[in-house]
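Working through the structure, step by step
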Amino acid sequence: MRIGRRTFIAAAAAVGLLAAGCSGGGSSGGGASGDGYGGTLRVASVGEIDALDPLIAYSSESWQVIRALTRQLVTYPGSPESIGADTEIVPDLAESWEVSPDGLTYTFTLRDGIKFSGATDREITAHDFVYAIKRFPDPNAQVSAITYYNALLEGFREYADEFAKVPTGDLKAAKEFIDTHEISGVTALDDKTLQLKLTQPASDFLDILTLNFVSPLPEEIVSNYFTDSLEFRQNYASSGPYYIESYEQGKQLRLKKVPDYNGEGDPRHAYVDEIVFDTTVASADAASQQLQTGTADIGLYVRAYPANVIAQYKKTDPDHLHISPSGSAVFISWNNPEQPTTDGQRALKDLRVRQAFNYALDKADIVRGLGGPDAAIVSNEILTSTIVGYTGENPYPTPDDKGDPDKARALLAEAGHPDLTLNLVYRNNPEYEKIATSVQNAAKRAGIDVRITPIPGDSWGALNAFLSDKSKLDEWDLAITTWTPDWQGNSARMTLGGWLDSEFAPGGTWNGVTYHNPELNAVVRKAFAAQDPTADWQQANRIATRDLAWFPLVERVKSVPTSDRVTNWTWQSLGNGADITNIAVTG
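The structure presented is a predicted model; accordingly, all values stated were derived computationally and were not measured.

**Some details on the sheet that holds strand β19 (residues 478-483)**
In spatial order, the strands read β16-β20-β15-β19-β17-β18; together these six strands make up an open sheet with mixed pairing. Strand pairing shows two members of the sheet lacking a second neighbour, β16 (376-378) and β18 (449-455), which therefore form its edges. Strand-to-strand twist in this sheet, taken as the mean axis angle between neighbours without regard to direction, amounts to 30°. Pairing of strand β15 (residues 321-334) with β19, which is carried by six bridges, proceeds in the antiparallel orientation. Across the sheet, Val330 pairs through a bridge with Thr482, a residue of β19.

Pasting the structure below:
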């Protein structure tokens with residue numbers, strides 16, 4: 001699950017990085033302005049790029065950047081229509097692949113003549129994918145979404161358990177372990193053939209392989225540096241159409257197109273010659289000003305642009321305002337330990353109480369407070385609108401999504417909790433404070449006393465650490481939190497097959513969610529094995545939604561203004577925003 005930002009801490013230094021090596025073969029495009037190629041894309045980044053190492057990058061924004069620097073076995077091509085439309089899996093570095101009849105073995109054939117750039121210019125081989133995967137459970141910094149690989153890759157869990165015994169802080173020890181241990185399900189049959197074996201069929205396995213974690217890495221370069229360190233960034237080995245030309249921490253990141261780039265099979269058209277990130281931008285307001293004055297073309301790390309800026313674009317420059325549902329959800333999790341520690345926790349175990357609280361919510365007011373339909377839409381299901389299994393149904397409708405206090409009161413009386421008190425925690429920033437206050441005021445109409453408490457620190461990580469702390473179980477009954485799909489389309493593994501599947505998820509580890517429903521678990525198993533899991537995910541979604549496994553609030557809408565130089569606007573599923581490799585500029 002992608003959330004928050006990881007702070008990158010290193011000695012501030014202006015550094016010129018290694019010049020890119022040339023890659024042989026055909027180019028993905030020329031530099032003439034008449035064919036859509038050429039120019040510089042200027043990005044106003046509100047702060048530093050939080051991660052560039054594909055091992056740990058796990059924010060939407062870092063994925064937008066890394067798309068320009070890496071390639072995978074398979075990928076999504078981008079979509080001019082919407083974020084949710086970017087779900088077609090296409091070949092990338094893999095020219096072709098075969099799947100065994102039992103769905104457990106995937107064999108990929110790599111393209112010839114595709115090379116790294118930057119720190120090395122040698123040809124990419126299947127061994128570079130094996131090394132990247134073997135690096136996943138490095139105790140110095142393990143891959144951000146390790147649960148996918150623990151669950152699916154044959155031999156991975158056993159390999160990870162052994163790797164965990166290697167002392168941290170010792171690069172030589174980590175390299176020696178990788179070089180002397182194997183993952184039985186991850187094999188380079190030869191330089192051009194990669195074989196991956198699964199523990200169970202997975203209809204979404206190719207989707208998982210689109211994630212930037214499975215990017216080829218040259219061991220002879222990467223093993224010399226700690227994960228995403230300043231030295232790692234200075235010696236970056238790129239497999240994508242751009243390389244890091246220069247990096248000045250806290251000031252600027254400059255990407256340059258690889259000379260004579262071999263873009264065979266690459267849906268990243270790499271229209272612009274350079275992509276320059278100004279990381280000194282202080283706020284969304286400052287980024288908006290740069291877009292409007294033409295000193296920047298797009299923004300980065302902007303959760304939502306000011307409502308007045310969106311309104312102005314709609315009136316004066318609608319062609320450069322791009323709007324799409326994002327699939328990102330804001331919801332309320334409820335504290336569900338096996339042994340409740342508060343009266344609120346005990347009450348919430350009763351579905352009638354959960355229904356009452358859900359009926360009390362004024363979701364229309366939350367949308368209004370976040371900036372209206374250009375910023376959010378009401379959500380009434382566990383899954384959001386961009387995910388396979390979404391139904392568009394609402395088992396608990398209220399007039400205009402404003403809540404039904406009378407029905408809530410009746411359910412509370414029936415359940416024997418007419419005077420319910422609940423403690424709600426949230427991230428300490430103005431946006432989440434608005435949501436918490438709206439929830440508090442709406443619940444009060446139904447006689448529910450919601451006491452709100454901000455958790456120190458603005459980041460999702462700070463909130464999740466609080467929710468995961470077993471010593472603090474008695475300090476909260478409800479928590480406002482959020483999630484973004486790791487990919488769009490067939491991605492219910494994250495939620496219905498992840499946090500809510502008690503056969504998979506340790507309770508309370510993610511977003512404070514602890515849930516057990518054998519009926520849901522059984523349907524999830526069917527969905528994983530199905531060639532077309534749509535009907536199964538819809539059934540699972542209905543089960544969890546009706547049982548109020550959590551309380552859906554809103555789905556975020558991306559409203560992205562750009563400068564008037566931007567053409568060929570393209571959405572990216574994985575980055576949940578702009579596809580900087582397929583955007584062009586004029587002038």
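**Examining helix α15 (residues 430-445)**
Taking 1.5 Å of rise per residue, the 16 residues of α15 would be expected to cover 22 Å, and the 23 Å separating its terminal C-alpha atoms lies within 8% of that figure. Burial in α15 covers these residues: Glu431, Tyr432, Ile435, Ala436, Ser438, Val439, Ala442 and Ala443. The buried residues of α15 occupy an angular sector of 160° when the element is viewed end-on, so they sit on one face. Turned more than 90 degrees away from the buried face of α15, the exposed residues are Pro430 and Lys444.

**Thoughts on the sheet that holds strand β8 (residues 186-190)**
Within the open sheet, the four strands sit side by side as β5-β6-β9-β8. Their pairing is antiparallel. In this open sheet, the two edge strands, each paired with only one partner strand, are β5 (94-99) and β8. For this sheet, the mean inter-axis angle between neighbouring strands, taken without regard to orientation, is 20°. Pairing between strand β6 (residues 105-110) and strand β9 (residues 193-197): five bridges, direction antiparallel. Considered in β9, the bridge of Tyr106 is made with Leu196. The strands touched by helix α2 (residues 126-134) are β6, β8 and β9; relative to β8, the strand with the most contacts, the crossing angle is about 165°.

**Here's the deal with the pairing of β5**
Remark: a regular strand shows side chains that alternate across the two faces of the sheet. Taken together, the five bridges between β5 and β6 define a ladder with antiparallel strand orientation. Residue Glu98 lies in a different strand from β6, and its bridge partner there is Thr107. Counted between consecutive antiparallel strands, the loop separating β5 from β6 contains five residues, among which Gly103 sits at a positive phi close to 75°.

**Here's the deal with the pattern of salt bridges**
Overall, the coordinates contain 33 salt bridges when judged by the stated rule. One salt bridge in this structure joins Arg122 and Asp128, with 2.6 Å as the shortest N-O distance. The class for Arg122 is partly exposed, based on a relative accessible area of 27%. Here Glu414 ties to Arg352 by a salt bridge, and the two come within 3.7 Å at their closest N and O atoms. Of this pair, Glu414 sits in helix α14 (residues 405-415) while Arg352 sits in helix α12 (residues 351-360), placing them 62 residues apart in sequence. Residue Arg352 is classed as partly exposed on the basis of its relative accessible area of 29%. Residues joined in a network through salt bridges with shared partners are Arg71, Asp92, Asp266 and Arg268.

**Observations concerning the environment of Thr586**
Mapped onto the fold, Thr586 is located in the segment after β24 (584-585). A sequence separation of 78 residues divides Thr586 from Gly508, and the C-alpha atoms of the two residues are 49 Å apart. Beyond its immediate sequence surroundings of up to four residues, Thr586 is in contact with Asp564, Arg565 and Thr567.

Reading guide: rules and limits
Residues numbered from 1 in each chain as written. Predicted model: local features only at pLDDT ≥ 70, side-chain atom pairs only at ≥ 80, totals over all residues. Heavy atoms only, no water. Pairing = 2+ DSSP bridges. Helix = DSSP H or I, 4+ residues; strand = E, 2+ residues; numbered from the N terminus. Axes fitted to C-alpha atoms, helices over the stretch in contact; angles between N-to-C directions. Expected span 1.5 Å × (residues − 1). Buried < 20%, exposed > 50% of the residue type's maximum accessible area, 1.4 Å probe, protein only. Arc of directions from axis to C-beta. Contact = heavy atoms within 4.5 Å. Salt bridge = Lys/Arg side-chain N within 4 Å of Asp/Glu carboxyl O.

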